Amino acid sequence: MIPYACPDINQDDISAVIEVLRTDWLTQGPVVPRFERAVVDYCQAGFGVAVSSATAALHLACLALQVGPGSRVWTSPNTFVASANCARYCGAEVDFVDIDAETGNLSVLSLSTKLVIASQNGTLPQVLVVVHFAGQACEMAEIARLAQQYGFKVIEDASHALGACYQGEPVGNCRFSDITVFSFHAVKLVACGEGGMACCKDPALVERMRLLRSHGVTREHGADEAWDGPWYYQQQLLGFNYRMTEMQAALGLSQLARLPQFLQQRRQLVAQYTALLGSGAVSPLQTPEAEASAWHLYVVRCRDAEERRYYFEQLRVNDIAANVHYIPVYWQPYYCTLGFERGYCLQAELYYATALTLPLHTRLGTVDVEQIVSVLNSGEFA
Ligand SMILES: *Cc1c(COP(=O)(O)O)cnc(C)c1O
């Protein structure tokens, strides 16, 4: 079976993890700060807070931006559920902004229309979580302008976009946002097994996320009267254990060194797909800047839902595991219990009905791409 995604672990990656296992530091050692520094250098971010998952990073990002009961957080329906759940963890209300069905990214037009209405009703969001779908950056300059105008904060869920660029600058530098979150889950561009990072320029937000990552406990006690010895520590906030292990960070460091190669391989495979698909039965998502995408996913659109189902099954029969990204988040039973109904974001639903994710990873060969495309181009709809 050709999987839709697959980690690429080489001997260097394995050696890096084994090296850590031979030391006395399995957690809270020197490798996590080194990994944070490497990601920060790579994407020209100010600071990085490595955590156990992107979900944890999104949660900390919301908390750092003071999201709580009574807050409103908006996000895209075309994402993994974690982009919305982070706000629910904080007791906030979640709402969804429709997408552009041609790119899969949040529609700036829908956003500005929704903001005008919210501004009239007094229901403006405190935070917007944007998602760089499939590795292609959203229109951040326009989004930042609206954030300025309406006074909300922006979190970039860049789980798909480590290595992507926007306006010639790396995603993660937070030029147009407050916090950017990356995922190092096994299917993502750089794999730690599980892992995430929040990048941020503001030292105060970083300090808050660091504190919350580790139980809200600090050994820096200032002039605390309860200090009664050098062993003293202090819990200042209700934090969590969201720490990343040294093994995960070692794997991440080793993988990050290979990212330029991964990106190049992905771009080559994408170019091959796009050329072979030509004007066949399915067409790739629009990527105005194909060279700037991190190409986490290669998504094509079919002409209708029936065709999508047919191609998905034809690929399965040929031992090719396609996938579908994403079911609109608010269709999930959990979000239905909060009152969301079908038809809420029409473009996201139209997109979902016809989207198909083809395999894309660095262990895929040019022969595999040929085989996949031949299945698509020889179907009864071709
Ligand atoms: C993978 C993913 C997440 C969650 O990442 P984890 O590291 O598994 O918690 C969140 N948002 C998006 C868009 C993702 O693809």
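Residues numbered from 1 in each chain as written. Predicted model: local features only at pLDDT ≥ 70, side-chain atom pairs only at ≥ 80, totals over all residues. Heavy atoms only, no water.

**Considerations on the overall build of the protein**
Looking only at helices and strands, the protein has 12 helices and 14 strands in total. Computed over C-alpha atoms, the radius of gyration of the protein comes to 22 Å, within 12% of the 21 Å expected from 2.2 N^0.38 for 382 residues, which places it in the range of a compact globule. Expressed along its principal axes, the backbone C-alpha trace of the protein runs to roughly 80 × 60 × 40 Å. A total of 382 residues make up the protein; the buried ones form 56% of that total. Taking the contacts inside the protein whose residues are at least 6 apart along the sequence as the reference set, 73% of them involve residues at least 24 apart. (Helix = DSSP H or I, 4+ residues; strand = E, 2+ residues; numbered from the N terminus. Rg over C-alpha atoms; globule rule 2.2 N^0.38 Å. Buried < 20%, exposed > 50% of the residue type's maximum accessible area, 1.4 Å probe, protein only. Contact = heavy atoms within 4.5 Å.)

**Points about helix α1 (residues 11–21)**
Along α1, the residues classified as buried are Asp13, Ala16, Val17 and Val20. Projected onto a plane normal to the axis of α1, the buried residues spread over an arc of 90° and lie on a single side. Looking at α1, the residues exposed on the side facing more than 90 degrees away from the buried face are Gln11, Asp12 and Glu19. In the core, the buried residues of α1 are packed alongside α2 (31–43) and α8 (246–277). At the N-terminal boundary of α1, the capping side chain belongs to asparagine 10, with an oxygen 3.0 Å from the backbone nitrogen of aspartate 12. (Arc of directions from axis to C-beta. Polar contact = N/O pair within 3.5 Å; in protein donor to acceptor, adjacent residues only side chain to side chain.)

**Examining the packing of helix α9 (residues 305–317) against helix α12 (residues 366–377)**
One can describe the packing of α9 onto α12 by two numbers: an axis separation of 10 Å at closest approach and a directional angle of 135°. One finds that α9 runs oblique with respect to α12. Viewed along their axes, α9 and α12 form a crossing whose handedness is right-handed. Note on element contacts: α12 touches α9 through Ile372, Val375 and Leu376, opposite Tyr311, Gln314 and Leu315. Residues of the contact of α9 with α12, tallied by class, amount to 5 nonpolar, 1 polar and no charged. (Axes fitted to C-alpha atoms, helices over the stretch in contact; angles between N-to-C directions. Parallel < 35°, antiparallel > 145°, perpendicular 65-115°, else oblique. Left-handed = near helix turned anticlockwise from the far one by under 90°. Nonpolar A, V, L, I, M, F, W, Y, C, P; charged D, E, K, R; others polar.)

**Here's the deal with helix α11 (residues 346–354)**
Every buried residue of α11 is accounted for by Ala348, Glu349, Tyr351, Tyr352 and Thr354. Against β13 (298–301), α9 and β14 (355–358) lie the buried residues of α11.

**A word on the layout of surface pockets**
One number sums up the size of the largest pocket: a volume of about 580 Å³. Along the wall of the largest pocket there are 19 residues; nearest its centre are Arg210, Leu211, Arg213, Ser214 and Val217. Residue assignment for the lining of the largest pocket shows that the elements contributing at least two residues are α2, α7 (203–213) and β10 (217–218). Here the lining of the largest pocket gets 4 residues from one element, more than from any other, and that element is α7. Looking at the second largest pocket, its volume works out to about 360 Å³. The wall of the second largest pocket is formed by 24 residues, among which Phe80, Ser159, Ser183, Lys188 and Tyr326 lie closest to the centre. Those elements that provide at least two residues to the lining of the second largest pocket are α3 (54–64) and α4 (82–89). Considering every element that reaches the lining of the second largest pocket, the biggest residue donor is α3, with 3 residues. When grouped by side-chain class, the residues that make up the lining of the second largest pocket number 9 nonpolar, 12 polar and 3 charged. The two domains that each donate at least three residues to the lining of the second largest pocket are domain 1 (11–256) and domain 2 (259–378). (1 Å grid on protein atoms, 1.4 Å probe; cavity = no way out; pocket = protein on both sides within 12 Å on 5 of 7 lines; lining within 4 Å. Points joined across faces, edges and corners; volume = space filled by probe spheres on them. Domains from an automatic or database assignment.)

**A word on the site of the ligand**
In the vicinity of the ligand there are 16 residues, among which Thr55, Asp157, His160, Ser183 and Lys188 approach most closely. At 3.3 Å from an oxygen atom of the ligand is found a side-chain nitrogen or oxygen belonging to tyrosine 326. Here the ligand, which alone exposes 380 Å², has 92% of that area covered by the protein. Of all the cavities here, the one that holds the ligand is the second largest pocket. (Near = heavy atom within 4 Å. Areas by Shrake-Rupley, 256 points an atom, 1.4 Å probe, with all protein chains shown as cover. Sits in = over half its atoms within 2 Å of the grid points.)

**Concerning a nonpolar patch on the surface**
Together, Ile9, Ile14, Ile18, Leu21 and Leu26 make up an exposed nonpolar region whose accessible area comes to about 400 Å². Structurally, the position occupied by leucine 21 is in helix α1. (Patch = residues over 30% accessible without salt bridge, like charges linked within 9 Å, V, L, I, M, F, W, Y side chains within 5 Å. Salt bridge = Lys/Arg side-chain N within 4 Å of Asp/Glu carboxyl O.)

**Considerations on a negative patch on the surface**
Negative charge collects at one region of the surface, where Asp100, Glu102, Glu139 and Glu142 lie side by side. Checked against the element boundaries, glutamate 142 lands in helix α6 (residues 140–150). Overall, glutamate 142 belongs to the partly exposed group, its relative accessible area being 30%. (Lys, Arg positive; Asp, Glu negative; His and termini not counted. Charge placed at Lys NZ, Arg CZ, Asp CG, Glu CD.)

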